[in-house]
Amino acid sequence: MERRLKEILDIPVFQDDQHGTAIVAGAALLNALRLVEKDLKKVNIVINGAGSAGIAITNFLLALGAKNITVVDRFGILVSGDSNLNSAQEAIAKLTNKTKKVGTLIDALNGADVLIGVSAANVVSAEMIKVMSNDPIVFALANPIPEIPRDVALAAGARVVGTGVSNLPNQINNALVFPGLFKGALEAKVKQITIEMEVACCHALANVVTSEELNENYIIPGIFHPEVVKSVSNAIINLNK
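In this numbering scheme, every chain counts its residues from 1 along its sequence in written order. In view of the model being predicted, local features appear only for residues whose pLDDT reaches at least 70, and side-chain atom pairs are presented and counted only at 80 or more, with totals across whole chains, interfaces and linings using the full set of residues. Neither water nor hydrogens contribute to the side-chain values; these are computed over all heavy atoms in the structure.

Student: Got a minute to help me understand the overall build of the chain in this structure?
Tutor: Segments assigned H or I by DSSP are reported as helices when at least four residues long, segments assigned E as strands when at least two residues long, and all are numbered from the N terminus. Along the chain, the regular secondary structure elements total ten helices and six strands. Our radius of gyration looks at C-alpha atoms and nothing else; its globule reference is 2.2 Å times the residue count to the power 0.38. Whereas a compact globule of 241 residues would reach a radius of gyration of roughly 18 Å, the chain reaches 17 Å, a difference of no more than 12%. Its C-alpha atoms give the chain principal-axis dimensions of about 50 × 45 × 30 Å. Across the 241 residues that make up the chain, the buried fraction comes to 52%. Accessible surface area values rest on a Shrake-Rupley calculation with a 1.4 Å probe, where residue burial reflects the displayed protein chains alone. Surface summary for the chain: the accessible area is close to 11,100 Å², and the carbon and sulfur share equals 53%. With 21 positive and 23 negative side-chain charges, the chain shows a separation of 5 Å between the mean positions of the two kinds. Any residue under 20% of the maximum accessible area for its type is buried, any over 50% is exposed, and the rest in between are partly exposed; the area is computed with a 1.4 Å probe on protein chains only. Charge convention: Lys and Arg are scored as positive, Asp and Glu as negative, and His as well as the terminal groups of each chain are ignored. Throughout, a charge is located at the NZ atom of Lys, the CZ atom of Arg, the CG atom of Asp or the CD atom of Glu.

Student: Please explain the environment of Ala-53 as it appears in this structure.
Tutor: Looking at the secondary structure, you find Ala-53 in helix H3 (residues 52-64). Contacts are assigned to residue pairs that have any heavy atoms within 4.5 Å of one another. Setting aside its immediate chain neighbours within four residues, Ala-53 contacts Asp-17 and Val-118.

Student: What exactly am I supposed to notice about the state of the cysteines here?
Tutor: Here, the word disulfide means a covalent bond between the sulfur atoms of two cysteines. Criterion for a disulfide: a pair of cysteine sulfur atoms at a distance within 2.5 Å. Under the definition given, this model contains zero disulfides. Looking at the unpaired Cys-201, the closest cysteine sulfur is the one in Cys-202, lying at 8.8 Å.

Student: How should I be thinking about H3 in this particular structure?
Tutor: Structurally, the α-helix is built with 3.6 residues per turn, so residues lying three or four positions apart point the same way. Working rule for helices: expected span equals 1.5 Å times residues minus one. With 13 residues, H3 should reach 18 Å at 1.5 Å per residue; the first-to-last C-alpha distance of 18 Å fits that figure. Of all the positions in H3, only Gly-54, Ile-55, Ala-56, Ile-57, Thr-58, Phe-60, Leu-61 and Leu-64 are classed as buried. The elements touched by buried residues of H3 are helix H2 (16-36), strand S1 (44-48), strand S2 (68-73), helix H4 (87-93), strand S4 (114-117) and helix H9 (195-207).

Student: Just checking my understanding: could you explain unusual backbone geometry for this structure?
Tutor: Note: most residues except glycine have negative phi, and most peptide bonds are trans. The peptide bond linking Asn-143 to Pro-144 adopts the cis configuration, its omega dihedral lying at 10°. Along the chain, Pro-144 falls in the loop between strand S5 (137-140) and helix H7 (150-155). Positive phi, close to 60°, is recorded for Lys-100, a residue that is not glycine. Its place among the elements puts Lys-100 in the loop between H4 and helix H5 (105-109). Note on Lys-100: relative accessible area 48%, which makes it partly exposed. For Asn-170, which is not glycine, the phi dihedral falls at a positive 60°. By secondary structure assignment, the location of Asn-170 is in the loop between strand S6 (160-163) and helix H8 (178-188). By relative accessible area, which is 5% here, Asn-170 ends up buried.

Student: Can you walk me through the environment of Val-228 in this structure?
Tutor: Inspection of the secondary structure assignment puts Val-228 in helix H10 (residues 228-239). Residue classification places Val-228 among the buried residues on the basis of a relative accessible area of 2%. In this structure Val-228 touches Leu-176, Leu-205, Val-208, Pro-221 and Gly-222, once residues within four positions along its chain are discounted.

The values are spatial; any link to function lies outside them.
Okay, structure coming up:
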């Protein structure tokens with residue numbers, strides 16, 4: 001539906017649950033990687049959940065520069081050609097899992113640097129975190145009950161934990177993006193929201209957190225931060241001058 005609307009309309013079309021979440025997750029990941037001193041192009045990322053949000057996050061991280069992503073769903077690691085995959089999953093499988101790894105979530109997480117969960121409650125165990133690389137980054141975004149509780153992930157060795165709820169640090173909240181994105185799109189009079197605009201918004205949002213402020217409990221600003229809307233909208237305006 002989104003693709004078709006973009007084809008027939010001359011106004012911006014933006015699916016916030018997918019692309020808004022992807023942009024904020026990308027910004028949080030950029031800052032988390034800055035904190036642990038790892039390179040987006042070199043880290044191994046696991047996306048757990050191959051629905052619309054998981055696929056959108058995967059596509060966005062690839063556009064952002066990630067090279068090594070493995071996507072996992074209920075039936076295991078996505079591998080191109082698997083009869084379990086729907087058309088969207090088959091398309092994303094062709095862009096990920098370059099080593100053709102097979103198995104379950106714990107197999108995907110072995111040695112991984114990043115886990116982004118957009119799946120279901122309590123599907124990640126402490127043992128899974130323990131097989132990840134040093135200083136692992138865990139975004140457990142299932143809501144209201146995450147894939148793994150924040151305290152359990154930290155106790156298992158996670159260096160940075162992002163969540164989907166407002167009462168814990170590092171909330172990955174798509175409301176950080178869409179007000180500023182649409183403000184910028186309307187002011188710049190753009191006809192489409194492009195991937196270049198989304199990447200620019202991601203970097204702008206990440207940069208709201210200064211190097212002095214950045215820490216394990218603060219990798220992404222809150223939705224009431226006074227610089228959020230201005231920074232995101234200016235990213236689109238400046239790109240379209």
